[in-house]
Amino acid sequence: MRNTTPWWIRIPLIFFFIFGLVEYYVDAGDKPAFIAYPMVQLFLFMVLLILIAIELIVKSVENVLFQTLPDDAKERYLNARTRSWSWAWGKKMYKKLLGTRPIEEEGEIILDHNYDGIKELDNKLPPWWVYLFYATILFGVIYLARFHVFNDYTQDQEYEMEVASAQAAIEEYRKTAKDLVDVNTVTLLTDASDLSAGRAIFETNCVVCHMADGGGGIGPNLTDEYWILGGGIKNVFRTISEGGRDGKGMVAWKQSLKPAEMAQVASYLLTFQGTTPANPKAPEGEIWIDENAPKEASPQEETPSDSTDVVMNE
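The shown structure was predicted, so the numbers you read here are calculated from the model rather than taken from an experiment. (Residues numbered from 1 in each chain as written. Predicted model: local features only at pLDDT ≥ 70, side-chain atom pairs only at ≥ 80, totals over all residues. Heavy atoms only, no water.)

### Describing the overall build of the protein chain
Tallying secondary structure elements over the protein chain gives 11 helices and four strands in all. For 314 residues, the compact-globule formula gives about 20 Å, and the C-alpha radius of gyration of the protein chain, at 40 Å, lies well above that figure. Every one of the 314 residues in the protein chain was classed for burial, and the buried ones make up 20%. A fraction of 59% describes how many contacts in the protein chain between residues 6 or more apart in sequence connect residues 24 or more apart. Accessible surface for the protein chain amounts to roughly 25,000 Å². Of this, 60% is attributable to carbon and sulfur atoms. Computed over 28 positive and 44 negative side-chain charges, the separation of the two mean positions in the protein chain equals 17 Å. (Helix = DSSP H or I, 4+ residues; strand = E, 2+ residues; numbered from the N terminus. Rg over C-alpha atoms; globule rule 2.2 N^0.38 Å. Buried < 20%, exposed > 50% of the residue type's maximum accessible area, 1.4 Å probe, protein only. Contact = heavy atoms within 4.5 Å. Areas by Shrake-Rupley, 256 points an atom, 1.4 Å probe, with all protein chains shown as cover. Lys, Arg positive; Asp, Glu negative; His and termini not counted. Charge placed at Lys NZ, Arg CZ, Asp CG, Glu CD.)

Pasting the structure below:
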């Protein structure tokens, strides 16, 4: 039997392979599975003990069988175990690609040049270098035919395709990575699940200052058109994230809430607009008008005709 892999390599490899399978198939959210679920730790510990036990059993069986062998068989067995493994094909290919001559044969390729006792060998180029050179020539011919004869896509077109592909990948990733939202990319959320989550955050953190109906208390009224730091989803998101006015405004919530949560609560509190609270606080700030909102088309005014403009036909 030839000893190819020692136990101290074999056990960690198998263990970490099983560990990777567990992490792949057990959904634990943002945490590793062995941290989120104590049962996974117990399972991995049992796997490690079983691997060690299997190695000990195999070693014991091997030792028992070895003791039953005659002396000459024991000697052959030990020689086979200690025999170093050699990759004959790899060594042969390496020698062929290198193309070197043994030092004993250098006399056959030595040149007549002699520079102060320094002589020169007529070595050929290494085969790996020659093959690589031929490959570059083949690549150049294919490239020339593809882009300069058959006029395939240009570098500008390739750049545009790569940018479009990258943008599509980013948009697809953002659909499942809501925490990537920031003040520049935040949009008004209208899904019932997002508004429900925003309401829970509002009732937990914001009711003390703004009241449950948004009428305002310590904080400003959220139901009127007046805003201290600007209205709209982007301004409200920024105010929640960075806080209000220095010294007397709302604290910054970016350390306590995730970007997705700030987008949810900002979208929820904007639903207070136009409602009537029980005890509304006086307006603060200025009326905010969304410059990006579509403007209402005003009906054309009809110009009354003057009697003097009427031409009488005789």
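### Here's the deal with the side chain of Asp224
Structurally, Asp224 can be placed in the loop between α9 (207-210) and β3 (226-227). This buried residue, Asp224, is left without a salt bridge; Lys281 holds the nearest opposite charge, at 9.7 Å. At 3.1 Å, the side chain of Asp224 forms a polar contact with the backbone nitrogen of Tyr226. Contacts of Asp224, omitting those with residues within four sequence positions, involve Gln273, Lys281 and Pro283. (Salt bridge = Lys/Arg side-chain N within 4 Å of Asp/Glu carboxyl O. Polar contact = N/O pair within 3.5 Å; in protein donor to acceptor, adjacent residues only side chain to side chain.)

### Remarks on unusual backbone geometry
The phi torsion at Asp116 lies on the positive side, around 55°, for a residue other than glycine. Mapped onto the elements of the fold, Asp116 is located in the loop between β1 (110-115) and β2 (118-121). At Met211, a position not held by glycine, the phi torsion is positive, near 70°. Assignment of secondary structure puts Met211 in the loop between α9 and β3. For Met211, a relative accessible area of 37% gives the class partly exposed.

### Thoughts on the nonpolar core
When a protein is soluble and globular, its nonpolar side chains tend to lie buried together. Ranked by internal contacts, the top residues of the largest apolar core, which has 21 residues, are Phe202, Val236, Ile240 and Leu269. Looking at this core, the elements that each hand over two or more residues are α8 (192-205), α10 (232-242) and α11 (259-269). Sorting elements by how many residues they give to this core places α11 first, with six residues. Discounting residues that sit within four places of it in the chain, Ile240 has contacts with Met250, Val251, Ala252, Trp253, Lys254, Met262, Val265, Ala266 and Leu269. (Core = buried A, V, L, I, M, F, W, Y, C linked by side-chain atoms within 4.5 Å.)

### Remarks on the packing of helix α3 (residues 38-67) against helix α4 (residues 71-82)
Running from amino to carboxyl end, α3 crosses α4 at an angle of 140°, the nearest separation of the two axes being 10 Å. With respect to each other, α3 and α4 are oriented oblique. Residues Lys59, Glu62, Phe66 and Gln67 of α3 pack against Lys74, Tyr77, Leu78 and Arg81 of α4. Here the contact of α3 with α4 is composed, by residue class, of three nonpolar, one polar and four charged. (Axes fitted to C-alpha atoms, helices over the stretch in contact; angles between N-to-C directions. Parallel < 35°, antiparallel > 145°, perpendicular 65-115°, else oblique. Nonpolar A, V, L, I, M, F, W, Y, C, P; charged D, E, K, R; others polar.)

### Considering the pattern of salt bridges
Should their charged atoms come close, side chains of opposite charge can pair. Evaluation of the coordinates by the stated rule reveals six salt bridges. Residues Asp72 and Arg76 are paired through a salt bridge, measuring 3.6 Å at the closest nitrogen-oxygen approach. On the criterion of helical spacing, the pair formed by Asp72 and Arg76 is a turn pair, its members being four residues apart in helix α4. Here Arg146 ties to Asp152 by a salt bridge, and the two come within 2.7 Å at their closest N and O atoms. With relative accessibility at 39%, the residue Arg146 sits in the partly exposed group. Judged by relative accessible area, which is 32%, Asp152 ranks as partly exposed.

### Section: the side chain of His210
Turning to its location among the elements, His210 is positioned in helix α9. Classification of His210 as buried rests on a relative accessible area of 12%. In this structure, His210 is in contact with Phe202, Gly215, Gly216, Gly217, Gly219, Pro220 and Leu222, ignoring residues within four places of it in sequence.

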